[in-house]
Amino acid sequence: MSPLRYILEKEFKQIFRNPAILKTIFILPVIQLIMLPMAADYEIKNINIAVVNNDHGSLSIELVQQITASNYFKLVSYTNGFNTAMESLESDKADLILEIPKDFEKRLFKEKETNLFLAVNAINGVKGSLGAAYLNNIIQTFNQSFRNKELVPGRFSEIPQIQISSSNWYNPKMNYRIFMVPGILVLLVTIVGMNLSSINIVREKEMGTIEQINVTPIQKFHFILGKLIPFWVIGLIVMSVGFIVAWVVYGIIPLGSYFTLYFFAAIYLLVILGIGLLISSYSENQQQAMLVTFFILMIFVLMGGLYTSIDSMPEWAKWFTKLNPISYFIEVMRMVVLKGSSIKDILPQILAMLGYSVVINIWAVLSYHKRS
Amino acid sequence: MEKLSSKPAGVIIEGVSKSYTVNKSKLVAVNNISFEVPAGTLFGLIGPDGAGKTTLFRMLTTLLLPDAGNIWVDGLNAVADYKALRKKIGYMPGKFSLYTDLTIQENIHFFASLFETSFEENYDLIKEIYEQIAPFKDRRAGQLSGGMKQKLALCCALIHRPSILFLDEPTTGVDAVSRKEFWEILQKLKTEGITILVSTPYMDEASLCDRVALIQDGKIMQIDTPQHIVDHFDKPLYAVKSPKMLPLLKMLEKDAAVLDIYPFGEVHHMVLKSKDSKVNLPEDATMQVIKPNIEDLFIYLMRNHE
């Protein structure tokens, strides 16, 4: 019988005797999948706004009411001096200052135009720019309704206007969870797979058991395969647990088939585990392996396209993401879950991962020496 | 070197060297060593820590490639025929290196299957050792005592019935009773026709070997039967004793007639430059001629090697 069978038997025994691994497989994915998408909300609410109203006319009060009624803004100060508002911005109580000038109402009626001043605290860039955009939106709407109400309709209808109306395909309600949850699932499978595989061979080195293995006639290829297969199975189990959570908690059912996703994941895991084994066979102790894995994972995760869009990265970074397996899986996951893509549609990604896995795993086998 | 017996050689080592690079400087671990181990003997490699014993063992067991020289183990070249050789050797590293999260039985079965054999097939060879640990066969290896771990490691090294067994410091860190038992086991294994190479830092274990090699700083200082090695010691040796041992040692160290003096248990061993030398002993001290043992010789060689 093939010695691979005995190695697998031994590896599985060791895995199931390690309570930490079992927890990693079942409890962690559930907690992360429930917690992260709830917390990682891309919509920004509770933007603190300070309003400086130098006008006090009914029109300016109406504008302020519309802003505070929008749910996005919280009025933290309402004054008539810019300096007090600036103070609250500096002390981080306010994120935005809206200044309404003197004679706001009068000029709007008489001169048909007026200015508003907006100051944004850009320390938290996302909050600042989104807040400004929301506020602009509200002012636009306010402007539009003012025109319709107050100005003579005849004169303005002569000016042609372009109205843009958009509809969101594949995710009509722009529910960020639908694209976050599958993405986080990809990260989970990757983190669990790469961590487990990267500390495995190096653990045998630390324990000295590799010495005893090396003097046996066992083949390198069998040894590496014996390490790869158990984690490959665990990776697929983690993904299944994740799909169950996505369905039960978020009601997310892929538009495409599960088969397509598992087919891709099966190849993808070979790449991830291969990288893990490669780190493991080059490291001298578990601490080293864990640090290197952490560093690589961090880059892979942050440049994987889940948190920042790859399309908006500079050219060199785009090329770099071609080496990042996570970016392929996140893309495939979204294509299959949201668009219902089939194996034929994700063929380029499948081929890329196949090539990647062959290179990495041959390297991993070659880098493991039974003698030095 | 003394002419070897007509028996076939179990291990032949010819001009083997190995050095490591430590902090950019070269460290010679094994320096041009040559010797032979006749098949079916119990051969001891005796030397202090850092003498190069483990490096030599790792080369003999195909784990390390020598920088220079040739090694034949059981008729096979350790570099060229390493794959075939691995089936014929058993190796027990100095550090316990079995799976601590597997039980005794699982460890033995696992290593048996890696050699494509089974526990039952070679049970007769390890029977006596295994029986001592059998009551704990379902206990994980990590929870065993030092002596039991060592017996388990020996079982795993023997389970594929190797023709040559390499034991790297098997008795280091093991209590006196277990050490004695272990050497009795080795004597029995020898009768099974297995060539055994054992390294140890303990001089008293040397007399239990058929032949010993004294190794220091990567070089073999002497190689012979333990008795011949002791006979080689031709200097007059005395045991001296007094109620005040430390001042005695300090005093005799300065004596011109004394070649060497060192503490040895509850007495000091003293080597004189010649039989006729006179030593000035304090009144309360006694002096007695003794037979040298292998440790005396080793200390003598070590101190007068340069």
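Everything discussed here concerns the structure shown above.
Residues numbered from 1 in each chain as written. Chains lettered and ligands numbered in written order. Predicted model: local features only at pLDDT ≥ 70, side-chain atom pairs only at ≥ 80, totals over all residues. Heavy atoms only, no water.

Chemist: Got a minute to help me understand empty space enclosed by the protein in this structure?
Modeler: Think of a ball as big as a water molecule: rolled over the atoms, this probe shows where empty space is left. Within the structure shown, the criterion is met by two cavities of 30 Å³ or more. Quantified by volume, the largest cavity comes out at close to 60 Å³. Around the largest cavity, the lining residues are Gln212, Val215 and Thr216 of chain A together with Ile89, Gly90, Tyr91, Phe111, Phe115, Cys156, Ala157 and His160 of chain B. Contributions of two or more residues to the lining of the largest cavity are made by β6 (89-92) and α5 (146-158) of chain B. The dominant element in the lining of the largest cavity, judged by the number of residues it contributes, is β6 of chain B, at three residues. Across the lining of the largest cavity, the residue classes break down as seven nonpolar, four polar and no charged. When its volume is computed, the second largest cavity comes out at roughly 50 Å³. If you trace the second largest cavity, you find it lined by Val181, Pro182, Leu185, Phe243, Ala246, Ile252, Pro254 and Val337 of chain A. With three residues, helix α8 (residues 176-198) of chain A is the largest single contributor of residues to the lining of the second largest cavity. Looking at the lining of the second largest cavity residue by residue, the class counts come to eight nonpolar, no polar and no charged. (1 Å grid on protein atoms, 1.4 Å probe; cavity = no way out; pocket = protein on both sides within 12 Å on 5 of 7 lines; lining within 4 Å. Points joined across faces, edges and corners; volume = space filled by probe spheres on them. Helix = DSSP H or I, 4+ residues; strand = E, 2+ residues; numbered from the N terminus. Nonpolar A, V, L, I, M, F, W, Y, C, P; charged D, E, K, R; others polar.)

Chemist: Explain the nonpolar core to me, please; I cannot follow it from the model alone.
Modeler: Grouped together as the largest cluster of nonpolar side chains are 129 residues, with contacts concentrated most on Leu154 and Leu189 of chain B. If you tally residues by element for this core, the top one is helix α12 (residues 258-282) of chain A, at 13 residues. When near neighbours in sequence (up to four residues on either side) are disregarded, Leu154 of chain B contacts Met92, Ile129, Leu165, Leu167, Phe182, Ile185 and Leu189 of chain B. Core analysis: the second largest hydrophobic core is formed by 30 residues, Phe43, Leu45, Ile71 and Val73 of chain B among them. (Core = buried A, V, L, I, M, F, W, Y, C linked by side-chain atoms within 4.5 Å. Buried < 20%, exposed > 50% of the residue type's maximum accessible area, 1.4 Å probe, protein only. Contact = heavy atoms within 4.5 Å.)

Chemist: What exactly am I supposed to notice about the pairing of strand β13 (residues 267-272) of chain B here?
Modeler: Successive side chains on a regular strand alternate, one facing one side of the sheet and the next facing the other. Residue and element names in this part refer to chain B. In terms of burial, β13 is largely enclosed, as six of its six residues are buried. Burial of β13 is two-sided: the residues Val267, His269 and Val271 facing one way and the residues His268, Met270 and Leu272 facing the other way are all buried. Bridge analysis of strand β11 (residues 237-241) against β13 gives four bridges, and the strand direction is antiparallel. Bridging across to β13, Ala239 finds its partner in His269. Strand direction decides the pairing type here: strand β12 (residues 258-264) and β13, joined by six bridges, are antiparallel. Bridge pairing in β13 places Tyr262 opposite His269. What sits between the antiparallel neighbours β12 and β13 is a turn of two residues, in which Gly265 has the positive phi angle 65 degrees. (Pairing = 2+ DSSP bridges.)

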